[in-house]
Amino acid sequence: MANPSENLIELCRAAVEAERVATSEPYTQEGWAAWMEAAETFQAAVTAEAGQEPKQSRLGLEQAAKKAVLHPEPDGE
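A short tour of the structure in this document, coming up. (Residues numbered from 1 in each chain as written. Predicted model: local features only at pLDDT ≥ 70, side-chain atom pairs only at ≥ 80, totals over all residues. Heavy atoms only, no water.)

**Observations concerning the nonpolar core**
So, step 1. Ranked by internal contacts, the top residues of the largest apolar core, which has 17 residues, are L8, C12, F42, V46, L61 and A65.
So, step 2. Counting only elements with at least two residues in this core, the list comes to α1 (6-23), α2 (29-50) and α3 (58-70).
So, step 3. Each residue touching C12, except ones within four places of it in the same chain, is listed here: F42, A65, K66 and V69. (Core = buried A, V, L, I, M, F, W, Y, C linked by side-chain atoms within 4.5 Å. Buried < 20%, exposed > 50% of the residue type's maximum accessible area, 1.4 Å probe, protein only. Helix = DSSP H or I, 4+ residues; strand = E, 2+ residues; numbered from the N terminus. Contact = heavy atoms within 4.5 Å.)

**Considerations on the packing of aromatic side chains**
So, step 1. Inspection of every chain in the model, using the stated rule, returns two aromatic pairs.
So, step 2. Taken together, the ring pairs in this structure connect Y27, W32 and W35 into an aromatic cluster. (Phe/Tyr/Trp six-rings, centres within 6.5 Å; stacked < 30°, edge-to-face > 60°.)

**What to know about the side chain of E49**
So, step 1. Position of E49 among the secondary structure elements: in helix α2.
So, step 2. Despite its burial, E49 pairs with no opposite charge, the nearest such side chain being R58 at 11 Å.
So, step 3. Setting aside chain neighbours within four positions, we find E49 in contact with N3, P4, S5, L8 and L61. (Lys, Arg positive; Asp, Glu negative; His and termini not counted. Salt bridge = Lys/Arg side-chain N within 4 Å of Asp/Glu carboxyl O.)

**Quick look at the packing of α1 against α3**
So, step 1. At a closest axis distance of 9 Å, the pairing of α1 and α3 adopts a crossing angle of 65 degrees. For α1 against α3, the interelement crossing comes out right-handed. For the pair α1 and α3, the contacting residues are L8, I9, C12, R13 and V16 in the first and L61, A65, K66, A68, V69 and L70 in the second.
So, step 2. When the residues that make up the contact of α1 with α3 are grouped by side-chain class, the tally is nine nonpolar, no polar and two charged. (Axes fitted to C-alpha atoms, helices over the stretch in contact; angles between N-to-C directions. Left-handed = near helix turned anticlockwise from the far one by under 90°. Nonpolar A, V, L, I, M, F, W, Y, C, P; charged D, E, K, R; others polar.)

**Considerations on α3**
So, step 1. Spanning 13 residues, α3 covers 18 Å between terminal C-alpha atoms, matching the ideal 18 Å at 1.5 Å per step.
So, step 2. Turning to α3, its buried residues are L61, E62, A64, A65 and V69. Projected onto a plane normal to the axis of α3, the buried residues spread over an arc of 165 degrees and lie on a single side.
So, step 3. For α3, the secondary structure elements touched by its buried residues are α1 and α2.
So, step 4. Capping of α3 at its N-terminal end is provided by S57; its side-chain oxygen lies 3.4 Å from the backbone amide nitrogen of L59. (Expected span 1.5 Å × (residues − 1). Arc of directions from axis to C-beta. Polar contact = N/O pair within 3.5 Å; in protein donor to acceptor, adjacent residues only side chain to side chain.)

**Observations regarding the layout of surface pockets**
So, step 1. Taken as a whole, the largest pocket holds about 160 Å³ of empty space.
So, step 2. In terms of lining, the largest pocket is formed by C12, A15, V16, E19, W35, A39, F42, Q43, K66 and L70.
So, step 3. Residue assignment for the lining of the largest pocket shows that the elements contributing at least two residues are α1, α2 and α3.
So, step 4. The residue inventory of the lining of the largest pocket, partitioned by class, reads seven nonpolar, one polar and two charged. (1 Å grid on protein atoms, 1.4 Å probe; cavity = no way out; pocket = protein on both sides within 12 Å on 5 of 7 lines; lining within 4 Å. Points joined across faces, edges and corners; volume = space filled by probe spheres on them.)

In structure tokens form, the structure reads like this:
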């Protein structure tokens, strides 16, 4: 299983939050610009991290980061 870095998870979290803000209002190009930029930054980071040693599946890495953000594991308390 892929193991995304904390930085990658934070970039994913930022993209998800930017999407939430952008889609909470009617579409405007300016209103969606922050979301598009955050998504591009996240995707570039996924590609870069996947190519580092040890190499990981790009798709698996992206899915693991999104799962960590959208469906976090309970703390076990």
